[in-house]
Amino acid sequence: MVASARPATGNPSLEFDANLVRKLIQLGPRYTSYPTADSFSDAFGYRDYLQTVVGLRTRGGMRPLSLYVHIPFCESVCHYCSCNKVVTRDRSKAATYLSYLKHEIEMQGNLFAGMNQIEKLHIGGGTPTYLNDAQMGELMAHLRRHFRFASDFDGEYAIEVDPRTVTVERVHALRKQGFNRISIGVQDFDPDVQQAVNRIQSEQDTLNIIRAAREACFRSVSIDLIYGLPKQNVITMAQTLNKVINASPDRIAVYNYVHRPNMFKPQRRIAEDDLPSLDARLNMFSLCIKRLTDAGYVYIGMDHFAKPSDDLAIAQRQGRLHRNFQGYSSHAEHHLVAFGVSGISAVAASYSENAKTLDEYYERIEQNELPIVTGVKLSMDDLLRRIIIQMLMCNFELSIDSIELAYPITFKTYFAAELEKLRELEDNGLVTVDEEWISVTPKGRLLIRNVCMVFDRYLNTACEAKTGGASAKIETQPLRYTKKI
Ligand code: SF4
């Protein structure tokens, strides 16, 4: 990561300007990677990944790894869902999946033998706790057999939990299996909202799970909420926020529900008349910001808030916050190795994505190959833009000097077109740009994607192509573009 020369000045303040948000809000990438996953191509596959890992071995100086494991199964479907999941009550499917997963872990473990120190693990889904206690124990033991985990104190081992699928005892068992961070899906406590999205989750059960996580000494408890769901309004949102704040989690994520029934089949079951208007959504988000900051949470970025004592807030104050496929992270840029259907790895200057269907995933593993079906090898231009987008997403500012020190470019010349576009955002009060710094203003922070999109060459090249504009300045990589998510 390019260092920032400006001393860290504390957590960024945030200003909610409803008119500005209404004027400029647009769908855009969340930039958990750059290039984003829709730019990956099947020209990159298993053999390219092997070459990348061999390159790492040759260069030496290996950093610790992060692992991600995807468990795709869910017992029932939430109508707002846009995840890659398999809805089934047939538990034997989890056992079959686990056996393939173990084979994949073994193959990756062999590839990284001798450079397999782990400091971060995230198990996500779907519903990771669809695996029963014994299966989760088997998975963790297998991971430990093939990778060397840092101690509980030094490592960050997280699992996503659906309170409908776990008991208090299970939470204690997860802690004993080595997890020290837990992320609990709440979305909304209101019974009408829960009914409208087919996710009936008793308030008492959820609060019991949060309490159990505290008793079991999880280092960090995160809660996920969503605003913009059917039947939601500021009153229901205020009630949910009160209950969540009383439960005192370390981190709270408040995601915006984006209704795209053409892309995500479960969303077709949502009655559009039940969806809140744009104004109601903005009011809800404004309320979230006010209530959470009044309660002492600091704004991390995008949709994330954390207590000042949480690792994310500390990392942000110290200018070492990072962004990866799991969102924000306090750990430095590790290579990320992903397992399971649709998992995306980020190793050296590459991204590689696993098969998205169980059949294809199983088929590849039966051939004794890693199930990589698409990916991308990053060009110098990609790496440069990735670091710029990372710095803007995490620090809300960019030192132009630090980029020129790390890359052989003159910023003003290389990014002349981007600086021109930034001027429009500057006129709208989102950023300030001078000779040394690009800084996102407090009111621009909620629209950080707009700022980052200026530097997204794939997005901008597609726009230029559509409007007959000039091609990009350096041709380092064939460009691919599909609609951004
Ligand atoms: S939202 Fe989560 S629990 Fe619900 S169907 Fe989607 S992946 Fe499963």
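Going by the structure above, here's the rest.
Undergrad: Honestly, the overall build of the chain in this entry has me stumped. Any pointers?
TA: In terms of helices and strands, the chain carries 17 helices and 20 strands. With the C-alpha coordinates aligned to their principal axes, the bounding extent of the chain is approximately 60 × 55 × 45 Å. Burial statistics for the chain: of 485 residues in total, 57% are counted as buried. The long-range share in the chain, meaning contacts at least 24 apart out of those at least 6 apart in sequence, stands at 73%. Here the chain displays about 20,300 Å² of accessible surface, and carbon together with sulfur accounts for 51% of that area. Each charge class in the chain was averaged separately, 57 positive and 57 negative side chains, and the resulting centres sit 2 Å apart.

Undergrad: Got a minute to help me understand helix α5 (residues 168-176) in this structure?
TA: Residues spaced three or four apart along an α-helix point in a common direction, a consequence of the helix completing one turn every 3.6 residues. Taken as a whole, α5 has its buried residues at Arg 170, Val 171, Ala 173, Leu 174 and Arg 175. Against the buried residues of α5 lie α4 (133-146), β6 (156-161), β7 (181-187) and α7 (203-215). Immediately downstream of α5, the backbone of Gly 178 shows phi near 115°, a positive value.

Undergrad: Whenever I open this one, the site of the ligand confuses me. Can you help?
TA: Surrounding the ligand, one finds Cys 74, Ser 76, Val 77, Cys 78, Tyr 80, Cys 81, Cys 83, Gly 126, Thr 127 and Arg 199. Across the shell around the ligand, the residue classes tally to six nonpolar, three polar and one charged.

Undergrad: When you look at the pattern of salt bridges in this model, what are you seeing that I'm missing?
TA: When charged atoms on two side chains of opposite charge get close, those side chains can pair. Inspection of the entire model under this criterion finds 25 salt bridges. One salt bridge in this structure joins Arg 214 and Asp 250, with 3.3 Å as the shortest N-O distance. Of this pair, Arg 214 sits in helix α7 while Asp 250 sits in the loop between α8 (234-247) and β9 (251-256), placing them 36 residues apart in sequence. Under the relative-accessibility criterion, Arg 214 is labelled partly exposed at 33%.

Undergrad: Even after reading the chapter, I still don't get the side chain of His 70, so can you show me in this structure?
TA: With respect to the helices and strands, His 70 occurs in strand β1 (residues 65-71). Only 2.8 Å separates the side chain of His 70 from the side chain of Tyr 68, close enough to count as a polar contact. Excluding its chain neighbours within four sequence positions, the residues that come into contact with His 70 are Asn 84, Tyr 97, Gly 124, Gly 125, Gly 126, Phe 339, Gly 340, Val 341 and Ser 342.

Calculation notes
Residues numbered from 1 in each chain as written. Predicted model: local features only at pLDDT ≥ 70, side-chain atom pairs only at ≥ 80, totals over all residues. Heavy atoms only, no water. Helix = DSSP H or I, 4+ residues; strand = E, 2+ residues; numbered from the N terminus. Buried < 20%, exposed > 50% of the residue type's maximum accessible area, 1.4 Å probe, protein only. Contact = heavy atoms within 4.5 Å. Areas by Shrake-Rupley, 256 points an atom, 1.4 Å probe, with all protein chains shown as cover. Lys, Arg positive; Asp, Glu negative; His and termini not counted. Charge placed at Lys NZ, Arg CZ, Asp CG, Glu CD. Near = heavy atom within 4 Å. Nonpolar A, V, L, I, M, F, W, Y, C, P; charged D, E, K, R; others polar. Salt bridge = Lys/Arg side-chain N within 4 Å of Asp/Glu carboxyl O. Polar contact = N/O pair within 3.5 Å; in protein donor to acceptor, adjacent residues only side chain to side chain.

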